[in-house]
Structures are given as structure tokens and as C-alpha cells.
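# Secondary and tertiary structure notes
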Amino acid sequence: MHWDNETQAFEDRKGVQIRSPDFGSVRAMDYLNPSLPMRPFTKYFHDLIAELSRRGYRDGEDMFGAGYDWRKLPSPEWLAATRRLVEAAAARSGGRPVDLVAHSMGCLHAYSFLMGQTQRWKDRYIHNLVENPRPSAVTLLNHASLLF
């Protein structure tokens with residue numbers, strides 16, 4: 001990944017495509033990196049997924065995930081895929097609006113996604129957006145100081 005001064009955005013290097021595995025599934029959100037030997041320390045949504053599973057929710061049936069690369073702005077492809085995913089999730093639930101759960105930079109992606117939808121669409125498909133925790137400007141400045 002590199003910064004492109006012309007487009008003013010981070011872009012994949014030529015010949016490299018970075019994507020989130022299993023779009024639509026919560027598997028990509030379970031652990032940050034399940035292959036690491038310190039797996040217990042890389043839990044991401046693991047405990048929430050386990051609790052929802054214990055209560056009867058099932059991946060791909062009534063629990064879904066819209067994975068993304070946190071280093072990039074939401075792409076038009078991700079926004080369109082997420083819209084289709086929300087619409088499919090609502091259809092699977094008998095047309096009931098869905099709850100979105102976001103963490104960290106996912107809150108900003110969810111916000112960006114929702115800002116691109118009409119109020120009519122949001123009223124039909126979105127019940128709640130739960131953010132935990134949303135990055136603040138101070139957090140972003142702290143991260144920026146680590147990068148430069």
C-alpha cells in the first residue's frame with residue numbers, strides 16, 4: 001500500500017489487492033489474525049459473536065459482517081456491497097430493519113455508508129447503529145503522530 005499524491009489516497013501497490021476475507025460473514029471479524037500464536041489477545045468481535053451464537057443467531061442467516069481495510073476510505077464497491085448485504089439481511093428477517101454494530105474505524109465506515117443513503121432507505125432498512133467506541137479527533141491525531 002502506498003500514498004498516491006495524484007489521487008490523494010492510499011492505494012494498493014501494482015499487482016496487489018488487499019481485501020477483507022469472507023465479506024458477508026462474521027468470520028473475518030472474529031479475530032484480528034487467527035493465525036497468530038497469541039490468538040486470545042487478538043479477539044476482535046469474538047466474544048460478541050460467541051454470545052449472539054449462544055442466543056441462536058447464525059452466521060450468514062441473521063448475523064453478517066461487512067469487512068473492510070481500515071487504512072482506506074470506503075470504496076464505491078464496498079459501499080455497494082454493504083448496501084446489498086443490509087438489504088439481504090433485512091429480507092432474511094422478514095423485512096425488518098437491521099441493527100448495525102461497528103467498532104473503532106468501522107464506526108467511521110458505517111457513518112460514511114449511512115450518509116450515502118437516502119432517509120427513506122435508512123427508515124426502511126436500519127433500526128440502530130451501535131458504535132463501540134468511535135474514534136475521536138484526539139485518537140486520530142495520536143495515530144497520525146505514530147505514522148509521521
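Given the structure is predicted, the values throughout are model-derived calculations rather than measurements.

So, how was this worked out
Residues numbered from 1 in each chain as written. Predicted model: local features only at pLDDT ≥ 70, side-chain atom pairs only at ≥ 80, totals over all residues. Heavy atoms only, no water. Core = buried A, V, L, I, M, F, W, Y, C linked by side-chain atoms within 4.5 Å. Buried < 20%, exposed > 50% of the residue type's maximum accessible area, 1.4 Å probe, protein only. Helix = DSSP H or I, 4+ residues; strand = E, 2+ residues; numbered from the N terminus. Contact = heavy atoms within 4.5 Å. Phe/Tyr/Trp six-rings, centres within 6.5 Å; stacked < 30°, edge-to-face > 60°.

### Let's talk about the nonpolar core
Counting 11 residues, the largest nonpolar core is built from Trp78, Val86, Ala89, Ala90, Val98, Leu100, Phe113, Leu114, Trp121, Tyr125 and Ile126. When contributions to this core are tallied by element, the ones reaching two or more residues are helix H3 (76-92), strand E3 (98-102), helix H4 (105-115) and helix H5 (119-125). Sorting elements by how many residues they give to this core places H3 first, with four residues. Ignoring any residue separated from it by four or fewer positions in sequence, one finds Tyr125 in contact with Val86, Glu87, Ala90, Pro97 and Val98. Membership of the second largest hydrophobic core comes to five residues, among which are Val26, Met29, Phe45 and Met63.

### What about unusual backbone geometry?
Backbone geometry places Ser104, a non-glycine residue, at a positive phi of 55°. Overall, Ser104 belongs to the partly exposed group, its relative accessible area being 26%.

### Quick notes on the packing of aromatic side chains
According to the stated counting rule, one finds four aromatic pairs in the structure shown. With 5.6 Å between their ring centres and 85° between their planes, Phe113 and Trp121 make a pair best called edge-to-face. What makes Phe113 buried here is its relative accessible area of 2%. What makes Trp121 buried here is its relative accessible area of 5%. Seen in terms of ring centroids, Trp121 and Tyr125 are 5.0 Å apart; in terms of plane orientation they differ by 35°. Their pairing is tilted.

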